[in-house]
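Structural characterization, general
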Amino acid sequence: MGAAMRRIHVGNALSAFGLGFTVPYLYVYVAQVRGLGAMTAGLVLAVFAVAALVVLPFAGRAIVRRGPLPVLLAALVTAALGALSLGVASSAAAVLVSAALLGAGQAVMQPALATMIVDCSSAETRSRAFAMQFFLQNLGLGVGGLIGGHLVDTSSAASFTLLFAIEAAMFLLLVVVMATVRVPHAPRIAGAPLTSGRGSWKQLLGNRAMVQLCVLGFVLFFACYGQFESGLSAYGVEAAGISTSALGTALAANTLVIVVAQFAVLRFVERRRRSRVIAAVGLIWAVAWSVAGYAGLGHGSQEMATAAFVSTYALFGLGEAMLSPTVAPLVADLAPEGMAGQYNSAFALVKQLALAVGPAVGGPLGASLHAPYIVAFLLFSLGITVLAVRLGRQLTEVQDQPWLGKSRVVARGGASVSADV
């Protein structure tokens, strides 16, 4: 791992740590501490999604034209301003504007950092680099949320102001760290498209494999991440009688599995076809939804229901650990030279759409129609397996099995050199 990659990983950890301080407490802060009500708090969460959907189509072109580092620095400054202003905002208008700044900055960070990882890694090391990114993100969010939970006091607005100030400080510290990064030109893999683009959406939509991966990505995020804090938690409380403390345990189990299993899972998946790994995740998540069905619809004891519900989140964590070294590197390897930023932004846009639609659909369904909810998302998980198998037919050998590139010709900056030299 070079110096640039180390700084990028430090950046990922710092940004996740800062977000972990505030994200779990946004609703309470707006609705109760500032006394703006549940509707305004709901709007704040919606503004985060809307801001991301607005800026991400432009972020890809900016990354292609200006490079990922300037775009990342601008996003960090924007997010820091949003966090600081959110910490002192007392009116609904001020809170919504601050949330828009924080949401926009946070959204652009993701594809910018992902593109920097692509530029600082080779096809052979990319899976490990993205696995490390996912590991540090979850660790940072978990530690940030844990510390933030001990600092907040719902009777004191000043404690929340401190939290948002710490978050802003993390973003500004990250500006200093990332300003020292020297990003090399991204190495290319054999079999990747040779044409260079200017961030054209038309060119991206003409890439059938990328379009199929975006459809698959939407289903992945819709059927898993989009349900964690909405439909699945509502189902657990209403159908399975899960307590809030048990729900917290389930979320902790999800993070624990990711942190503990990430690199063991990496050893398993990095020598297997990416499409088959994703297909296996669909099957694992189908089992997870079946276990969730037992928790809420079975006739076991409350202890059994709670254990099954916690196991559901743990199984989701196992699937996430398998996806982190698989999907993001595949997005990069599908991109023509110079368009990694565009492709990363497009996939981030798909993710945001799924995270916006998922809670809106899953929340009411999980709270009231318990059996249809489980059956629907069980079928979505099986659909992931089908879509992954179809995607595999569109990929080249090296895109699906990147380790084959070690013995192939690799092009760097337009010139071809032997990978063995």
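Below you will find a few notes about this structure. Worth saying up front: this structure is predicted, and the values here are computed from it rather than measured. (Residues numbered from 1 in each chain as written. Predicted model: local features only at pLDDT ≥ 70, side-chain atom pairs only at ≥ 80, totals over all residues. Heavy atoms only, no water.)

1. Re the overall build of the protein chain
Looking only at helices and strands, the protein chain has 17 helices and 2 strands in total. In terms of overall size, the protein chain behaves like a compact globule, its C-alpha atoms giving a radius of gyration of 21 Å where 421 residues would be expected to give roughly 22 Å. For the protein chain, the C-alpha atoms occupy an extent of roughly 60 × 50 × 35 Å along the three principal directions. Here the protein chain holds 421 residues, and the buried ones make up 53% of them. Of the roughly 17,100 Å² of accessible surface on the protein chain, a fraction of 67% belongs to carbon and sulfur atoms. When the 25 basic and 14 acidic side-chain charges of the protein chain are each reduced to a single mean position, those positions are 11 Å apart. (Helix = DSSP H or I, 4+ residues; strand = E, 2+ residues; numbered from the N terminus. Rg over C-alpha atoms; globule rule 2.2 N^0.38 Å. Buried < 20%, exposed > 50% of the residue type's maximum accessible area, 1.4 Å probe, protein only. Areas by Shrake-Rupley, 256 points an atom, 1.4 Å probe, with all protein chains shown as cover. Lys, Arg positive; Asp, Glu negative; His and termini not counted. Charge placed at Lys NZ, Arg CZ, Asp CG, Glu CD.)

2. A short note on the packing of helix α5 (residues 92-119) against helix α6 (residues 126-151)
At a minimum axis distance of 10 Å, the contact between α5 and α6 shows a crossing angle of 145 degrees. Here the hand of the crossing between α5 and α6 comes out right-handed. Between α5 and α6, the residues in contact are Ala114, Ile117 and Val118 and Arg126, Ala129, Phe130 and Gln133, respectively. Along the lines of polarity and charge, the residues of the contact of α5 with α6 split into 5 nonpolar, 1 polar and 1 charged. (Axes fitted to C-alpha atoms, helices over the stretch in contact; angles between N-to-C directions. Left-handed = near helix turned anticlockwise from the far one by under 90°. Contact = heavy atoms within 4.5 Å. Nonpolar A, V, L, I, M, F, W, Y, C, P; charged D, E, K, R; others polar.)

3. Here we look at helix α16 (residues 370-392)
Residues three or four positions apart in an α-helix share a direction because the helix packs 3.6 residues into each turn. Taking 1.5 Å per residue, 23 residues should reach 33 Å; α16 reaches 34 Å between its end C-alpha atoms and fits that length. Residues Tyr373, Ile374, Phe377, Ser381, Ile384, Thr385, Ala388, Leu391 and Gly392 constitute the buried set of α16. Lining the buried residues of α16 we find α9 (208-223), α10 (231-238), α12 (274-297), α14 (327-334), α15 (340-368) and α17 (397-400). (Expected span 1.5 Å × (residues − 1).)

4. Digging into the packing of aromatic side chains
Evaluated as defined, the whole model comprises 16 aromatic pairs. Judged by centre distance (6.0 Å) and plane angle (10 degrees), the rings of Phe218 and Phe222 are stacked. On the criterion of helical spacing, the pair formed by Phe218 and Phe222 is a turn pair, its members being 4 residues apart in helix α9. Seen from their ring centres, Tyr373 and Phe377 are 4.9 Å apart, and the 55 degrees between their planes marks the pair as tilted. On the criterion of helical spacing, the pair formed by Tyr373 and Phe377 is a turn pair, its members being 4 residues apart in helix α16. Among the aromatic residues, those joined into a ring-pair cluster are Phe218, Phe222, Tyr235, Trp285, Trp289, Phe316, Tyr373, Phe377 and Phe380. (Phe/Tyr/Trp six-rings, centres within 6.5 Å; stacked < 30°, edge-to-face > 60°.)

5. Notes on the packing of α9 against α14
It is the contact of α9 with α14, at a shortest axis distance of 10 Å, that shows an interaxial angle of 160 degrees. In terms of their interaxial angle, α9 and α14 are classed as roughly antiparallel. Along this stretch, α9 crosses α14, giving a crossing that reads as left-handed. Residues Ala209, Met210, Leu213 and Leu220 of α9 form the contact with α14, whose own contacting residues are Val327, Leu330, Val331 and Leu334. (Parallel < 35°, antiparallel > 145°, perpendicular 65-115°, else oblique.)

6. Considerations on empty space enclosed by the protein
Empty space left among the atoms is revealed by rolling a probe the size of a water molecule over them. In total, this model carries 1 cavity of 30 Å³ or more according to the counting rule given. Space inside the largest cavity adds up to approximately 50 Å³. Around the largest cavity, the lining residues are Ser127, Val269, Glu270, Arg272, Arg274, Pro325, Thr326 and Pro402. Of the residues in the lining of the largest cavity, the class split is 3 nonpolar, 2 polar and 3 charged. (1 Å grid on protein atoms, 1.4 Å probe; cavity = no way out; pocket = protein on both sides within 12 Å on 5 of 7 lines; lining within 4 Å. Points joined across faces, edges and corners; volume = space filled by probe spheres on them.)

7. Observations concerning a nonpolar patch on the surface
A cluster of nonpolar residues, Leu139, Val143, Leu146, Ile147, Leu151 and Leu162, forms a patch on the protein surface that exposes about 470 Å² of accessible area. Checked against the element boundaries, Leu162 lands in helix α7 (residues 157-178). Assessed through its relative accessible area of 43%, Leu162 is described here as partly exposed. (Patch = residues over 30% accessible without salt bridge, like charges linked within 9 Å, V, L, I, M, F, W, Y side chains within 5 Å. Salt bridge = Lys/Arg side-chain N within 4 Å of Asp/Glu carboxyl O.)

8. Details of the pattern of salt bridges
As enumerated under the stated definition, the model contains 3 salt bridges in all. Residue Arg273 is joined to Asp400 by a salt bridge in which the shortest nitrogen-to-oxygen separation is 3.3 Å. Highlighted residues: Arg273 in the loop between α11 (244-269) and α12 and Asp400 in helix α17, separated in sequence by 127 residues. Residue Asp400 is classed as buried on the basis of its relative accessible area, which comes to 2%. Between Arg274 and Asp333 there is a salt bridge, and its shortest N-O distance comes to 2.9 Å. Taken as a pair, Arg274 in helix α12 and Asp333 in helix α14 lie far apart in primary sequence, 59 residues in all. For Arg274, a relative accessible area of 3% translates into the label buried. Where salt bridges share partners, they join Arg126, Arg274 and Asp333 into one cluster.

9. Focus on the side chain of Asn12
By the element assignment, Asn12 lies in helix α1 (residues 3-22). With relative accessibility at 0%, the residue Asn12 sits in the buried group. For Asn12, the contacting residues outside a window of four places in its chain are Leu113, Ile117, Gln133 and Gln137.

10. Quick word on the environment of Val175
Looking at the element boundaries, Val175 is found in helix α7. Each C-alpha atom, one on Val175 and one on Gly11, is 8.6 Å from the other, the two residues being 164 residues apart in sequence. In contact with Val175, not counting residues within four places along its chain, are Leu73, Leu76 and Val77.

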